[in-house]
Amino acid sequence: MLPRLPERLTTPEMRTGLFYAAMYLPIGVSTLLLPVWLDGRGIGEEEIGIISATPIFIMIVLNLLVGRVADKASDWRGVIVAGSLISAVVSLGFVFVDAFWGILLFNTLLVIPVMAIEPVIDAATIRMTRRRGTDFARVRIWGTFGYIGATALAGWTFGWLGIAVFVPLLIATALLRGLSALPLPYFRSQNGSGLAGAPLVSAPGAGQTLRQVARPWFVLTLLGAAILQASHMLLISFGALLWLRAGVPDAAVGILWIVAPVCEIVTMLFFSHFARRFSARHLLLAACASGVLRWVGMVYATEVWQLGLLQALHMMTFGLAYMGIVTFIANWTSEEIAAQAQSFYVVMKQICSVIALLFFGMLVAHFGLQSFWAAGLLSAIGAGMILISLSIWSTKAQNESRPLSQ
């Protein structure tokens, strides 16, 4: 007889947390090594850009459709498992491709299923934890652990074995992600899932359809958060290059890169304390203000320790913003449209990110580090959107005698 695992290792939260960790393993590997692997195959910068952007363009069209399918299903779990397994099988194709078109095809097919399930797993998990009275952030934090671990492993094996390690590592982590989806709980249904807890009751005023919540105060909040996240594209795409050009040592670049997700963990650990004291929109406003400080600071920082402090603000500009927008959407939408609403935000974020990338490329070519002024401006615009949303809601709440706290 097989030994029985302790109950705390088999809870729905633990099974979901382990999936989050596995979900970000291939992402950590690809973020670090894919550009190097592509460059080694003679693929130029423009083609690398096409390979990176193609899945985003496709998902702008498909995200809402996937969210609707997930919401219509008996449970969100089926879509998450299907997407993970499809991506795992597709990863095997990297063994057989070596040129642009083949890599474009298999990378797109690898990434799209995961991009599709990301808003679904977020929506499903926050509903599950609210039903069970547990903390969504303590589940989601495992994704950050997985990303950090994969990035560290990829960097170490690359230094030891060279770029030949990329494909085996990508396949291994993608297969592990697929397998880790199989033990996921049923997020809605009680049958066979061990999901104890009362049925989740929607908050007063929560929308039953996207049309019901597609009001200026709701959409402006999503747009403000999306613009803030788009401001990160300058750092993601060109940050390491700009730092190296500014004289930052090669070894320090890797350290600076890892500071951000490590500090993100701090936000995940303590988010519930902030959420009890401040509304989601006020947390988002704080994240936008931190974005202005972080990006403008990048223009003037001359020492590695200064850049490290600015990178620590990732706990606000990404960690707090991510938790804030997921909470805001969950506050104002019912389970019937949970995945669709989260996917709607992701579409807005993807559109803003693509537009920002197009402009950031031109700005970096002409202005270098001064381009971070544009990222700071985007953060300020995001703050303005959220302030307008708060103003509209304040007037609406006063007229209808509704609470201001959401």
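Computed from a predicted structure; not experimentally measured. (Residues numbered from 1 in each chain as written. Predicted model: local features only at pLDDT ≥ 70, side-chain atom pairs only at ≥ 80, totals over all residues. Heavy atoms only, no water.)

Engineer: What is the right way to look at the overall build of the protein chain in this model?
Structural biologist: In terms of helices and strands, the protein chain carries 16 helices and 0 strands. Taking all 406 residues of the protein chain together, the buried fraction comes to 53%. Contacts spanning at least 24 positions in sequence make up 85% of the contacts within the protein chain whose residues lie at least 6 apart. Entry remark: accessible area of the protein chain is about 18,200 Å², with carbon and sulfur atoms responsible for 70%. (Helix = DSSP H or I, 4+ residues; strand = E, 2+ residues; numbered from the N terminus. Buried < 20%, exposed > 50% of the residue type's maximum accessible area, 1.4 Å probe, protein only. Contact = heavy atoms within 4.5 Å. Areas by Shrake-Rupley, 256 points an atom, 1.4 Å probe, with all protein chains shown as cover.)

Engineer: When you look at the packing of helix α11 (residues 250-275) against helix α14 (residues 314-332) in this model, what are you seeing that I'm missing?
Structural biologist: When two helices pack together, you describe them by how their axes are tilted relative to each other and by the distance separating the axes. Between α11 and α14, the least distance of the axes is 8 Å, while the angle of their chain directions is 40°. On the basis of the axis angle, α11 is oblique to α14. Every pair of crossing elements has a handedness; the one defined by α11 and α14 is right-handed. Contact residues: α11 offers Ala260, Pro261, Cys263, Glu264, Thr267, Met268 and Phe271, while α14 offers His314, Met315, Met316, Phe318, Gly319, Leu320, Tyr322, Met323, Gly324 and Thr327. Its residues placed into classes, the contact of α11 with α14 shows 11 nonpolar, 5 polar and 1 charged. (Axes fitted to C-alpha atoms, helices over the stretch in contact; angles between N-to-C directions. Parallel < 35°, antiparallel > 145°, perpendicular 65-115°, else oblique. Left-handed = near helix turned anticlockwise from the far one by under 90°. Nonpolar A, V, L, I, M, F, W, Y, C, P; charged D, E, K, R; others polar.)

Engineer: Can you help me understand the packing of aromatic side chains in this one?
Structural biologist: Describing an aromatic ring pair means giving the distance of the ring centres and the angle of the ring planes. Applying the stated criterion across every chain yields a total of 15 aromatic pairs. Counting every residue linked through ring pairs, the aromatic cluster contains Trp217, Phe218, Phe328, Trp332 and Trp393. Of note, Arg77 hangs over the ring of Tyr186, and the distance from its end group to the ring centre comes to 5.0 Å. Taking NZ or CZ as reference, Arg140 lies 4.8 Å from the ring centre of Tyr322, over its face. (Phe/Tyr/Trp six-rings, centres within 6.5 Å; stacked < 30°, edge-to-face > 60°. Lys NZ or Arg CZ within 6 Å of the ring centre and 35° of its normal.)

Engineer: I'm lost on the nonpolar core in this one. Help?
Structural biologist: The nonpolar side chains of soluble globular proteins are, as a tendency, buried together. The biggest cluster of nonpolar side chains holds 97 residues, and the ones touching the most others in it are Ile325 and Phe372. Setting aside anything within four residues of it in sequence, one finds Ile325 in contact with Thr221, Leu222, Ala225, Leu284 and Tyr345. (Core = buried A, V, L, I, M, F, W, Y, C linked by side-chain atoms within 4.5 Å.)

Engineer: Looking at this structure, how should I read the packing of helix α4 (residues 77-91) against helix α5 (residues 100-132)?
Structural biologist: With their axes 8 Å apart at the nearest point, α4 and α5 run at an angle of 160° to one another. On the basis of their axis angle, the class for α4 and α5 is roughly antiparallel. Judged by the sense of rotation from one axis to the other, the crossing of α4 with α5 is left-handed. Touching Val79, Ile80, Gly83, Ser84, Ile86, Ser87, Val90 and Ser91 of α4 are Phe106, Leu109, Leu110, Pro113, Val114, Ile117, Val120 and Ile121, all from α5. Among the residues forming the contact of α4 with α5, the class breakdown is 12 nonpolar, 4 polar and no charged.

Engineer: Where do I start with a nonpolar patch on the surface in this structure?
Structural biologist: A surface patch of nonpolar side chains, about 430 Å² in accessible area, is lined by Val266, Leu269, Phe270, Phe274 and Phe278. Judged by its relative accessible area of 31%, Leu269 is partly exposed. (Patch = residues over 30% accessible without salt bridge, like charges linked within 9 Å, V, L, I, M, F, W, Y side chains within 5 Å. Salt bridge = Lys/Arg side-chain N within 4 Å of Asp/Glu carboxyl O.)

Engineer: What exactly am I supposed to notice about helix α10 (residues 233-245) here?
Structural biologist: Structurally, the α-helix is built with 3.6 residues per turn, so residues lying three or four positions apart point the same way. In this model, α10 (13 residues) spans 18 Å end to end at C-alpha, consistent with the 18 Å of a helix rising 1.5 Å per residue. Gly239 marks the point of greatest bend in α10, at about 60°. Buried within α10 we find Met233, Leu234, Leu235, Phe238, Gly239, Leu242 and Trp243. (Expected span 1.5 Å × (residues − 1). Bend = angle between axes of the 7 residues up to and from the residue.)

Engineer: Where do I start with the pattern of salt bridges in this structure?
Structural biologist: Side chains that differ in sign of charge can pair as their charged atoms come close. Summed over all chains, the structure comprises 3 salt bridges. For Glu13, the salt bridge is made with Arg132, and the minimal N-O distance between the two is 2.6 Å. Here Glu13 is found in helix α1 (residues 12-23), whereas its partner Arg132 is found in helix α5, with 119 residues between them in sequence. Overall, Arg132 belongs to the partly exposed group, its relative accessible area being 24%.

Engineer: Where do I start with the side chain of Thr333 in this structure?
Structural biologist: Among the secondary structure elements, Thr333 is positioned in the loop between α14 and α15 (338-367). On the basis of relative accessible area, Thr333 is assigned to the buried category, the value being 1%. A distance of 2.7 Å separates a polar atom in the side chain of Thr333 from a polar atom in the side chain of Arg127. A polar contact is formed between the side chain of Thr333 and the backbone oxygen of Ile329, at a distance of 2.6 Å. (Polar contact = N/O pair within 3.5 Å; in protein donor to acceptor, adjacent residues only side chain to side chain.)

Engineer: What exactly am I supposed to notice about the environment of Thr157 here?
Structural biologist: Tracing the chain through its elements places Thr157 in helix α6 (residues 136-161). Other than its neighbours up to four places away in sequence, Thr157 contacts Gly162, Val165 and Leu169.

Engineer: I'm lost on α11 in this one. Help?
Structural biologist: Relative to the 38 Å expected for 26 residues at 1.5 Å per residue, α11 spans 38 Å between its end C-alpha atoms, a close match to the ideal helical length. The set of residues buried in α11 consists of Ala252, Val253, Leu256, Ala260, Pro261, Cys263, Glu264, Ile265, Thr267, Met268, Phe271 and Ser272. The inward-facing, buried residues of α11 contact α6, α10, α12 (280-300), α13 (304-312) and α14.

Engineer: How should the confidence of the model for the protein chain be read in this particular structure?
Structural biologist: Should pLDDT be low for a region, the predicted coordinates there are not to be read in detail. When pLDDT is averaged along the protein chain, the result is 86, and 90% of the positions lie at 70 or above. Note that pLDDT drops below 50 for residues 190-194; the model gives that stretch 11 contacts with residues more than four away or on any other chain. (pLDDT = per-residue confidence, 0-100.)

Engineer: Sorry if this is basic, but what is going on with the environment of Leu92 here?
Structural biologist: Relative to the helices and strands, Leu92 resides in the loop between α4 and α5. Judged by relative accessible area, which is 38%, Leu92 ranks as partly exposed. C-alpha separation for the pair Leu92 and Leu110, spaced 18 residues apart in sequence, amounts to 9.6 Å.

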